[in-house]
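Listed below are the residues making up each chain.
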Amino acid sequence: MAIVKMKRIRLIALARDRETLLADLLHVGCVEVSEPEEALHDPAYAGLLRRDGSRLGEAKEQLGALKQAIDTINRLAHQKGGLFTPRELMAEDALLSADALKKAVELARTVNDEAKAAAACSARATRLEAERLSLIPWEGCDLPLEETGTKTVSVLLGTVPSAVDFETMAGAVEEAAGAVQVTLLSTDGQQHAVEVLVHKSCEAEAMEALRTFGFAFAQMKSLTGTARDNILRLETEKKDAEQEREQHLAAIRALGGRKRELQIATDRVQQVIAKESAKERILTGGAILYLDGWCSAPEVKDLEEVLGRYDCAWELSDPDPDEYAKVPVQLRNGPLTRPLNMVTNMYALPVYGTVDPNPLMAPFFILFYGIMMADMGYGLLMILGSVFVLKKMRPKAGMHDFFALLGLCGVSTFIIGALTGGFFGDFLPQLAQLINPNTTFTALPALFTPLEDTMAILVGSLVLGFIQIITGQIVSFVKKCQGGHAWDGIWDEGPWWVIYLGVGLMVLGVGNVAGYPAVLIVGILMLVYGSTRNARGIGKIGAFVGAVYNGATGIFGDVLSYARLMALMLSGSIIASVFNTLGGITGNVVTFVLISMVGNALNFSLNLLGCYVHDLRLQCLEFFKTFYQDGGKPFRPLAINTKYVDIKEEN
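Residues numbered from 1 in each chain as written. Predicted model: local features only at pLDDT ≥ 70, side-chain atom pairs only at ≥ 80, totals over all residues. Heavy atoms only, no water.

A. Just the overall build of the protein, in detail. Per the secondary structure count, the protein includes 22 helices and 17 strands. At 39 Å, the protein has a C-alpha radius of gyration far larger than the 26 Å of a compact globule built from 651 residues. Along the three orthogonal principal directions, the C-alpha set of the protein runs to about 130 × 85 × 65 Å. Partitioning the intrachain contacts of the protein with sequence separation of at least 6 by distance along the chain shows that 82% fall at a separation of at least 24. Here the protein contributes 59 positive and 72 negative side-chain charges, whose respective centroids are spaced 6 Å apart. (Helix = DSSP H or I, 4+ residues; strand = E, 2+ residues; numbered from the N terminus. Rg over C-alpha atoms; globule rule 2.2 N^0.38 Å. Contact = heavy atoms within 4.5 Å. Lys, Arg positive; Asp, Glu negative; His and termini not counted. Charge placed at Lys NZ, Arg CZ, Asp CG, Glu CD.)

B. Structural detail: the sheet that holds strand β8 (residues 191–199). Pairing is antiparallel across the open sheet formed by four strands, whose spatial order is β7-β8-β6-β9. The sheet is open, and its two borders are formed by β7 (180–187) and β9 (216–217), each paired with just one other strand. Across seven bridges, the pairing between β7 and β8 is antiparallel. Paired with Val 180 across the bridge in β8 is Val 198. Across the sheet, helix α7 (residues 166–177) lies against β6 (153–161), β7 and β8, angled at about 160° from β7, the strand it touches most. (Pairing = 2+ DSSP bridges. Axes fitted to C-alpha atoms, helices over the stretch in contact; angles between N-to-C directions.)

C. Local environment of the packing of aromatic side chains. All chains considered together, the criterion is met by 19 aromatic pairs. Note on Tyr 324 and Tyr 352: the rings are 5.2 Å apart at their centroids and 75° apart in plane angle, and the pair reads as edge-to-face. Within this pair, whereas Tyr 324 is found in the loop between β12 (312–317) and β13 (328–329), its partner Tyr 352 is found in the loop between β15 (349–350) and α13 (358–373), the two being separated by 28 residues in sequence. Judged by relative accessible area, Tyr 324 falls into the partly exposed class, the value being 27%. The class of Tyr 352 is buried, set by a relative accessible area of 7%. Ring geometry for Phe 364 and Phe 368: centres 5.9 Å apart, planes at 45°, overall tilted. Residue Phe 364 and its partner Phe 368 are both found in helix α13; the two are separated by four residues, about one turn of the helix. A connected cluster of aromatic rings, assembled from ring pairs, spans Tyr 347, Phe 364, Phe 368, Tyr 562, Phe 623, Phe 624, Phe 627 and Tyr 628. In this structure, Arg 8 packs its charged tip against the face of Trp 294, placed 5.4 Å from the ring centre. (Phe/Tyr/Trp six-rings, centres within 6.5 Å; stacked < 30°, edge-to-face > 60°. Buried < 20%, exposed > 50% of the residue type's maximum accessible area, 1.4 Å probe, protein only. Lys NZ or Arg CZ within 6 Å of the ring centre and 35° of its normal.)

D. Molecular detail of the side chain of Asp 558. One can find Asp 558 in helix α20 (residues 539–561). Apart from the residues lying within four places of it in its own chain, the contact partners of Asp 558 are Ile 469, Glu 622 and Lys 625.

E. Seen up close, the environment of Leu 565. Mapped onto the fold, Leu 565 is located in helix α21 (residues 563–585). Placed 100 residues apart in sequence, Leu 565 and Gly 465 show a C-alpha to C-alpha distance of 9.4 Å. Apart from the residues within four sequence positions on either side, Leu 565 is in contact with Phe 368, Ile 371, Met 372, Ser 461 and Leu 618.

F. Structural detail: the pairing of β6. Counting buried positions along β6 yields seven of nine residues, so the element is predominantly enclosed. As judged from the nine bridges shared by β6 and β8, these two strands associate in the antiparallel manner. Along β8, the bridge assignment pairs Val 160 with His 192.

G. Representation of the side chain of Arg 8. Its place among the elements puts Arg 8 in strand β2 (residues 6–14). At 2.8 Å, the side chain of Arg 8 forms a polar contact with the side chain of Asp 292. (Polar contact = N/O pair within 3.5 Å; in protein donor to acceptor, adjacent residues only side chain to side chain.)

H. Examining a nonpolar patch on the surface more closely. Together, Leu 380, Leu 384, Val 411, Phe 414, Ile 415, Leu 419 and Leu 447 make up a nonpolar patch on the protein surface, roughly 610 Å² of accessible area in all. Listed by contribution, the elements that provide at least two residues to the nonpolar patch are α14 (376–392) and α15 (397–420). The biggest single contributor to the nonpolar patch is α15, with four residues. Here Phe 414 lies in helix α15. For Phe 414, a relative accessible area of 32% translates into the label partly exposed. (Patch = residues over 30% accessible without salt bridge, like charges linked within 9 Å, V, L, I, M, F, W, Y side chains within 5 Å. Areas by Shrake-Rupley, 256 points an atom, 1.4 Å probe, with all protein chains shown as cover. Salt bridge = Lys/Arg side-chain N within 4 Å of Asp/Glu carboxyl O.)

I. Here's a closer look at the state of the cysteines. Under the counting rule described, the total for this entry stands at zero disulfides. A disulfide-free cysteine, Cys 30 has its sulfur positioned 3.9 Å from the sulfur of Cys 295, the nearest such atom. By relative accessible area, Cys 30 is classed as buried at 1%. Free cysteine: Cys 312, not disulfide-bonded; nearest cysteine sulfur from Cys 295 at 13 Å. (Disulfide = S-S within 2.5 Å.)

J. Representation of the sheet that holds β15. Within the open sheet, the three strands sit side by side as β13-β16-β15. Their pairing is mixed. The sheet is open, and its two edges are formed by β13 and β15, each paired on a single side.

K. Local environment of the packing of α13 against α15. Two numbers describe how α13 lies on α15: the axes approach to 7 Å, and their chain directions differ by 55°. Put simply, α13 runs oblique to α15. Here α13 runs over α15; the crossing is right-handed. Between α13 and α15, the contacting residues are Phe 365, Ile 366, Leu 367, Tyr 369, Gly 370, Ile 371 and Met 373 on the first element and Leu 405, Leu 408, Cys 409, Ser 412, Thr 413 and Ile 416 on the second. Grouping the constituent residues of the contact of α13 with α15 by class yields ten nonpolar, three polar and no charged. (Parallel < 35°, antiparallel > 145°, perpendicular 65-115°, else oblique. Left-handed = near helix turned anticlockwise from the far one by under 90°. Nonpolar A, V, L, I, M, F, W, Y, C, P; charged D, E, K, R; others polar.)

L. Up close: the pattern of salt bridges. Scanning all chains against the criterion turns up 27 salt bridges. In this structure, the salt-bridge partner of Arg 228 is Glu 139, at a minimum N-O distance of 2.5 Å. With Arg 228 in helix α9 (residues 227–255) and Glu 139 in the loop between α6 (98–135) and β6, this pair connects stretches of sequence that are 89 residues apart. The partly exposed category is assigned to Glu 139, whose relative accessible area is 29%. Among the ionic contacts, a cluster of salt bridges with common partners joins Arg 18, Glu 19, Arg 55, Glu 58, Glu 276 and Lys 279.

Set out below in structure tokens:
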């Protein structure tokens, strides 16, 4: 249960075996192909090798088409799926079928083409409707829209603002031009549509008068026929466009039942993308190929078995300490500590060759969560939810870790809730009081309660925090000893342990004269030497002052941070009790249960997140800083990775 040991692999094989070799490496799933920059910059390789070509772009285009088709079906075909439907089991050969992928991509393109055609029809219908609406004001005009007049009469169609009084405008135009007829065709809240018939000899005077009222010519876009004829034509074309759109949507809905085929195809093409991505990191020299990467040591035997089937040469070597920052990191833990990968991945992976924090963090994280949540009812819900999802849905790694951690924290919450007598707060005693006011059942049995033993819980929280901080210091000491720096461990952590011992003896009143004072003096002298051993001259004073200030205030602040364990336990218990009391005021069992359940659901939801965030903070800020070296990069082997199916285990 630690960071998996990695082996550096360098492989030279025949270029003709590239496809089958990558397929076998995908099956084994234990080799990460590294970027070839180092080899390309090495003069010994640069003249002989070059990057290999791939079909990565084509594969990504296929994935995009598949995802777009699935989104289209979800949006337009209204296909329903069970929330807790387990993934389909599929043989590896069936998943990697190139023919099945080709058919699914063709299906996706058909769906996308239908969606594109439907969108074009929708856009055309929208445009036609806009044109129809623009002609509505001119529907009362009996003249063809292309008609501009006769030899002696001009036809002017235009608009004036609706604020203009039509009668006033018509009178002014007739007075200015004389031989003119102004007709109001329509009006709305913004403009008047008007038709002006004027003798050409008076057209200039009429236009001059019209401009004073804000007249603007209508834009008819070279339309022919009357406005009414064009409106009828546009309505017919719009109806045809809508019918055509509906035909395309019907075709999409008919293909909606094949959504699962598209989803499985996304898993198929992801494997192609994985191989093609690896192919781009492989170097070739024509007849041969060169691969540089990392292999997880536990799977070396399986890898060697695969490579033994090829005409190739390979070398496996342990990374040098100078390379540790570049070595990918894989954490491999047991069922009780593996769920903590979620916490570690959220923070940062450790550097290769350092400490896996999960086994050290697991008991503290799970215990602290239970202390903060501290309710049997909440713990039971967490356990049942975890078991249901893990058994029914079989979630993948990330979600599996989340629900597994939820279950472990649920067990802790249930146990601490049993010790504090909490079951949805004081739900059961209040329910009993409501049913029978004379009942003697006033509380569940409890070892201690948040409201009555607050100080004891606070002291216990601080003690637990101090234990975790000491654990971190011990881990730091062991790391330094294993790295050949035992004296650094003695002088960095040792003085504080001696000081802790002295303070503990003082609190217990042991050795008032020659006991704890001597221990404290020894600890302080060790701190003086340890903090100043690498400083020179006046810098020794600064180093000592800094060590004392940072150490004392840092440790005190870190320990004090664990008071949040008591605070969240207390707040959760009080909120649950308040909602139970509000329900009990009604005097009705049904309304009591409803109000209590709603309030407890809210309290449960808030505490699920709040306890996680505060627990995470204690681990990352108080615990990790004493020993954790972050900055590791995740191990990403060429391996089968699916979302919609699970691979059947081969016998």
